[in-house]
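Structural characterization, general
Here are the chains, one letter per residue:
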Amino acid sequence: MNRPLTDLYVVTHTHWDREWYRTASRFRQRLVRLVDELLDSPPADGASFLLDGQAVLLQDYLSVRPERAAELAVLLREGKLEAGPWYVLADELIPGGEALVRNLIIGGDTVRRLRTEPPPVLYCPDSFGHPAILPDLAAGFGFDLIVLWRGFGGARSLAGDVVRWRGAGGAVVIAYHLPPDGYEFGSSLPTDDSSAAERWSRIARVLVPRSTTGAALLLNGADHHARQRELGNALDALARAAAPVRVHATSLRGAASAIVRAAATTPLDEVPGELRDSYGYTWTLQGTLGTRASQKRRNARAERHLVHDVEPWLALAPHGGDSAARALLTAAWRALLHAHPHDTLCGTSIDAVADAFDARLASVEHQVGGLREDALLDLVAYDREAARAAPQSWRPAVLLRNPVARPRGGVVELSLAVTLADVAVGPGSATRQGARRSRPRWPVEGMIVQVLARRERVMLTESPRAYPDADLVAQVDAVGWVAPMAGYSVETRPQTGRNESALPHPVVVEGNTLDNGLVRIEVSASGEVSLWDRTRDRRVSDALSLERRRDVGDSYTPALRDVLDVGRPRRVRVLHRGPLRGAIAIEYASGARDAGVGGACTLVVSLDADSQALRVLVRGENRSHDHRLRLRVATGIADPVTLADAAFLPVVRKALDVPPAEQSMEHVVPTAPLHRWVAHLGTIGCAAIASDGLAEYESASDGALVITLVRAIGQLSRHDLPERPGHAGWPAETPGAQSIGPYEASIALQLFDADGPPVRDAIAQFAEDMLLPITGETLRSNLNEPVCAGRIELVGDGLAFSAAAPARRAGWIVLRCVNRRETSVRGAWHLHGTVEDAMRSRLDETEGASLLTEGSMVAFVAAEHEIVTILVRLGGPT
């Protein structure tokens, strides 16, 4: 039952899209003027100005005005300015859970450097929907309140402005839901009594019927707006007009405290799970997931490598890594988070912003590679100076790594290199080039090797106190076979010797058929792919197909029109004949720009030894405008339940049932966010797809899963779309969003038994195996005997690895996992060193209860769907 509105809390703010229809550097120029004005004329006592809940603006300002840091810090400590808790106001549905955690950790630390705290509110004023885990994220950082807008509201939602929101992990927090006009509902308040009365009448018509606790929030500001002039007079006029409702000019912290107090004495309805439906209430803008798809894929890969293939190797260093390594890791995260604001990551921005996004991702990729290389070489005790000084003593070895927290063996992805000739550099080097050696062979001790591709390049061997040593090398991409390695372990193997390993279920290629005894894949001359799972005797016909439609929409909203013919493959050919990997290429091409698949496109279908997964690599070159190209993957599951990976915990998704009358503002978009995998669960069994970073899928009525490869559009915003009448952003041409040029995607399909907890565990492990394979690279300058090092393993039914990283507290590491079961589970971490201390913590690493340890093991109990975070201090190796 709603309570009459008695108190209105006005928070003055700016909503600051860091980049959008202008670049970050151009908007920064406006930001500097805005903050200068606030420092020169601070808000009145009791009032405040909110810098949009993100701390990156403090950095942006101080990068230009470092001399005003002390003044800025004073106003922040006095509460007259507020920033955070986020580092950036990110899209929430595309990033993974660990990226959201890093966002909040780095945001809080950025504010604390100015010796204050961010407001204890998970402030999400403009995200295009919200993940089911958000309440758990709020609780994990000690926040009692979430402020949100899009993704919730309308006839299918609760009508009040305050609800309790239950997260996927079980946490329940209070959510304040903004009115249909969102964060700009209280912008530009009038100063004269007549206009104020009229404005209050309009405000009251919206806020009074929605009042749940009697306390309401009114945000005074809008996009990139400086503080309005004569604000004090406007607030006084509003107070006179609103009487007897009390008007309070306050901070976000103050408003949140008042709403939480009021909610404590009010019976509240509860909302569960993911919020992606505000149709008929305000624009939901769920059509952004396929825009600039290649950038989303690149971002997902960078994020995955940071979390799964950099941080754990740093955590294995003594004391969880030195201060330099920790700082460099934070720098890499900051660079990636600069790409996560929703207008950037969603692709709803001008081309100059997209170009900057590409540059940031390139920087992150280089940082990821460098951090991983340094950490791995330290683990195997590689001495850079000694190696550079003694090339005559090199004993090339393959450095193998298992980047998951469980023992694994099987097919390993290899990049092998052999020196062909010395390369001289500098004056007179033209006559000092080394003689070319004979063509190499590719043995690896105890390993079957199958070469896939060959090339030559120059490689450098570097040292901190000498110029690099350069060599011309022959290099191959290959696959090999290894016995099980410990979770998060490394080992070196001499790049010589005999093959001594046995190979279970090798791949046999006959004609256009791949068969390993577990799975049989057939490709017809016309390009039709069929899958036969021998162990389950299940068949999927026409498993893969391409589909195209005209798309005349904008960056926010698809506007699909006529179906376009994709043509027929021009050639089907065998690429690899086993025994470790068999592969068949299905090649498409088109003549006219808008014919066929819109350009050249090749599907490479492959099968590995001892694997039950059909793998697909899509490589193409888009030459067409205004269209959408998708890959349709049949699952053979009729009337399925769709289970999709999401931040921390998977979610069950159903098609939204929105009446046509509620779609006049915005048509429902049937696509959904795609993280690492999505599965169809049925009565005969299950099927799952793992995707290497593409962000959009659709669960089709015929049981297929359809993945967006390319969405080519040329306008930031259009006003004339029946699917969403009106501009969602400032109009601008975006020829870069036509995505002309190369694209690539990698997916895998696997069939499973009937649904149940073990099958869901197997689906998650299947995706992990596809996206995080065991890999090996030649270390040409190795001087050491073979070594095995490192170990981080997670044990427990239903427990999924989430993070192993240097903790914020020096000398400690943080271990995080998620219980995906609906019951409590006993679990344990097994580590490479003696555990000297261990304790539970919140997501923000606030310390909790101590845990019992035994040697290198930490045991714990995970409640139903709990995210378990543990802080550990290690001693020496066991």
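Up top you'll find the structure we're talking about.
Quick caveat: nothing in here was measured; it's all calculated off a predicted structure. (Residues numbered from 1 in each chain as written. Predicted model: local features only at pLDDT ≥ 70, side-chain atom pairs only at ≥ 80, totals over all residues. Heavy atoms only, no water.)

**Looking at unusual backbone geometry**
Operational definition: Strands are runs of DSSP state E lasting at least two residues, helices are runs of H or I lasting at least four, and both sets are numbered from the N terminus onward.
In this model, alanine 243 is joined to proline 244 through a cis peptide bond whose omega is 15 degrees. For proline 244, the position within the fold is in the loop between α7 (231-242) and β9 (246-249). A cis amide bond links glycine 578 to the next residue, proline 579, at an omega of 10 degrees. Checked against the element boundaries, proline 579 lands in the loop between β23 (571-577) and β24 (581-588).

**Looking at the sheet that holds strand β38 (residues 792-795)**
Where we set the bar: The pairing criterion is simple: DSSP has to find at least two bridges between the two strands.
One open sheet holds the four strands; their spatial order is β38-β41-β45-β44, and the pairing between them is antiparallel. In the strand order of this sheet, the two ends are held by β38 and β44 (853-854), each with one partner.

**Focus: the pairing of strand β34 (residues 705-712)**
Here is the rule: Throughout, exposure labels follow a simple rule: accessible area from a 1.4 Å probe, protein chains only, divided by the maximum for the residue type, with under 20% read as buried, over 50% as exposed, and the rest as partly exposed.
Where burial is concerned, most of β34 is hidden: eight out of the eight residues are buried. Pairing of strand β27 (residues 627-633) with β34, which is carried by seven bridges, proceeds in the antiparallel orientation. Of the residues in β34, the one forming a bridge with histidine 627 is alanine 712. Hairpin connection of strand β33 (residues 696-699) to β34: five residues between the antiparallel strands, including glycine 703 at a positive phi of 95 degrees.

**A short note on helix α9 (residues 293-309)**
Convention followed: One less than the residue count of a helix, multiplied by 1.5 Å, gives the span that helix is expected to have.
End to end, α9 covers 23 Å across 17 residues, agreeing with the expected 24 Å (1.5 Å per residue, within 8%). Counting buried residues in α9 gives 12 out of 17 residues, a clear majority hidden from the surface. Every buried residue belonging to α9 is among Ala293, Gln295, Lys296, Arg297, Asn299, Ala302, Glu303, Arg304, Leu306, Val307, His308 and Asp309, and all of these are buried.

**Quick notes on the nonpolar core**
Note the cut-off: For the purposes of this section, nonpolar cores are sets of buried Ala, Val, Leu, Ile, Met, Phe, Trp, Tyr and Cys residues that join through side-chain atoms within 4.5 Å.
Formed by 99 residues in total, the largest nonpolar core has its most connected members in Leu72, Trp333, Trp829, Phe860, Ile870 and Val872. Counting 51 residues, the second-largest nonpolar core is a separate cluster that includes Val572, Ile586, Val605 and Leu705.

**A short note on the packing of aromatic side chains**
This is how the line gets drawn: Any two of the Phe, Tyr and Trp rings considered here, Trp counted by its six-membered ring, make a pair once their centres fall within 6.5 Å; the pair's planes then place it as stacked at under 30 degrees, edge-to-face at over 60, or tilted in between.
Evaluation of the coordinates by the stated rule reveals 11 aromatic pairs. The interplanar angle of 70 degrees and the centroid separation of 5.3 Å between the aromatic rings of tryptophan 313 and tyrosine 488 together place this pair among those described as edge-to-face. In this pair, tryptophan 313 is assigned in helix α10 (residues 311-315) and tyrosine 488 in the loop between β14 (466-485) and β15 (490-494), connecting sequence segments 175 residues apart. Each member of the pair, tryptophan 313 together with tyrosine 488, is buried.

**Notes on the packing of α9 against helix α11 (residues 323-337)**
Condition: Between N-to-C directions, angles cover 0 to 180 degrees, with each direction set by a line fitted to C-alpha atoms, over the stretch in contact for helices. Any angle from 65 to 115 degrees is called roughly perpendicular, while one under 35 is roughly parallel, one over 145 is roughly antiparallel, and all others are oblique. We call a crossing left-handed when the near helix sits turned anticlockwise from the far one by less than a right angle, and right-handed when that turn is clockwise. Whether two residues are in contact is decided by their heavy atoms, any of which lying within 4.5 Å being enough. Residues are grouped as follows: Ala, Val, Leu, Ile, Met, Phe, Trp, Tyr, Cys and Pro are nonpolar; Asp, Glu, Lys and Arg are charged; every other residue, Gly included, is polar.
Put simply, α9 and α11 touch, their axes get as near as 11 Å, and they point 160 degrees apart. Here α9 is positioned roughly antiparallel relative to α11, judged by the angle of their axes. Both α9 and α11 take part in a crossing whose hand is left-handed. Mapping the contact onto sequence places Asn299, Ala302, Glu303, Leu306 and Val307 in α9 and Leu329, Ala332, Trp333 and Leu336 in α11. Of the residues contributing to the contact of α9 with α11, the split by class is seven nonpolar, one polar and one charged.

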